[in-house]
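The chain contents come next:
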Amino acid sequence: EAGVAQSPRYKIIEKRQSVAFWCNPISGHATLYWYQQILGQGPKLLIQFQNNGVVDDSQLPKDRFSAERLKGVDSTLKIQPAKLEDSAVYLCASSLGTSSGNTIYFGEGSWLTVV
Amino acid sequence: QQPVQSPQAVILREGEDAVINCSSSKALYSVHWYRQKHGEAPVFLMILLKGGEQKGHDKISASFNEKKQQSSLYLTASQLSYSGTYFCGTELGSNFGNEKLTFGTGTRLTIIP
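Residues numbered from 1 in each chain as written. Chains lettered and ligands numbered in written order. Predicted model: local features only at pLDDT ≥ 70, side-chain atom pairs only at ≥ 80, totals over all residues. Heavy atoms only, no water.

Chemist: For this particular structure, what's the right way to read the interface of chain B and chain A?
Modeler: Buried accessible area, meaning the area lost when the parts come together, often serves as the stated size of an interface. Between chain B and chain A, the contact holds 20 residues from the first and 21 residues from the second. A salt bridge links aspartate 56 of chain A to lysine 100 of chain B, with the shortest nitrogen-to-oxygen separation between them at 3.8 Å. Inspection of the region where chain B meets chain A yields 2 residue pairs in polar contact (both at pLDDT 80 or more). When residues of the side of chain B that touches chain A are traced back to their parent elements, those giving at least two are strand S4 (28–36), strand S5 (43–49), strand S9 (84–92) and strand S10 (101–103) of chain B. The leading source of residues in the side of chain B that touches chain A is S4 of chain B, at 5 residues. (Contact = heavy atoms within 4.5 Å. Salt bridge = Lys/Arg side-chain N within 4 Å of Asp/Glu carboxyl O. Polar contact = N/O pair within 3.5 Å; in protein donor to acceptor, adjacent residues only side chain to side chain. Helix = DSSP H or I, 4+ residues; strand = E, 2+ residues; numbered from the N terminus.)

Put into structure tokens, the structure is as follows:
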């Protein structure tokens, strides 16, 4: 079974530039998550989709971050304009149902460095 | 509400045992345990649901103490492959979960030969 796919794996941009990350979840998984993991910290949830609807985006900095999940499958996370503090690994994850009792599977992440 | 993990880091010799704790100040519905190696994705270990159960496979097991709102991960006879950072993810709730997983700051485990 294919895992969660993410691209690009690595990205270096200058501050104030924009960047987009793509995620393809495990086939059949209704719930898709984007987490931000800063070096030395645990993953922090940015946004959670159930099919193509947003379940939770309370920690998403909406002035610069946006995400969409068209057709309830693939998802894109965009940052515009980027700040130095956005340097982190952006992890996409998916699960069959909600996180309540369901295993969440993570992708390998997209490493972002903002200079 | 971010769970608190302890210890923050531990160094063991191969074959020794370790315990990693995950605590919350609020009622927990479920606890998820993951291991992450540097530069890799977190890998799922196990889920424990409200009810004070204990789970395990091979030499890694975990318990969930509902009264203390705490989960502990036990690694026995540690192997070099156990090295990595262990995260607990907690879901709050009493009768049902709030469907939001919050991860702790992690425990870095280093196994030396």
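Still more ground to cover, so stick around.
Chemist: Explain the layout of surface pockets here, please?
Modeler: The gaps of empty space that remain are located by a probe, the size of a water molecule, rolled over the atoms. A volume near 610 Å³ is recorded for the largest pocket. In terms of lining residues, the largest pocket is bounded by 26 residues, among which Gln37, Leu39 and Gly40 of chain A together with Gln36 and His38 of chain B are the most central. Elements supplying a minimum of two residues to the lining of the largest pocket: strand S9 (88–95) and strand S11 (110–114) of chain A together with S9 and strand S11 (107–112) of chain B. Looking at the lining of the largest pocket residue by residue, the class counts come to 8 nonpolar, 14 polar and 4 charged. Space inside the second largest pocket adds up to approximately 290 Å³. As for the second largest pocket, its lining consists of 17 residues, of which Gln59 of chain A together with Gln1, Lys100, Leu101 and Thr102 of chain B are closest to the centre. Among the secondary structure elements, those contributing two or more residues to the lining of the second largest pocket are strand S5 (44–50) of chain A together with S9 and S10 of chain B. (1 Å grid on protein atoms, 1.4 Å probe; cavity = no way out; pocket = protein on both sides within 12 Å on 5 of 7 lines; lining within 4 Å. Points joined across faces, edges and corners; volume = space filled by probe spheres on them. Nonpolar A, V, L, I, M, F, W, Y, C, P; charged D, E, K, R; others polar.)

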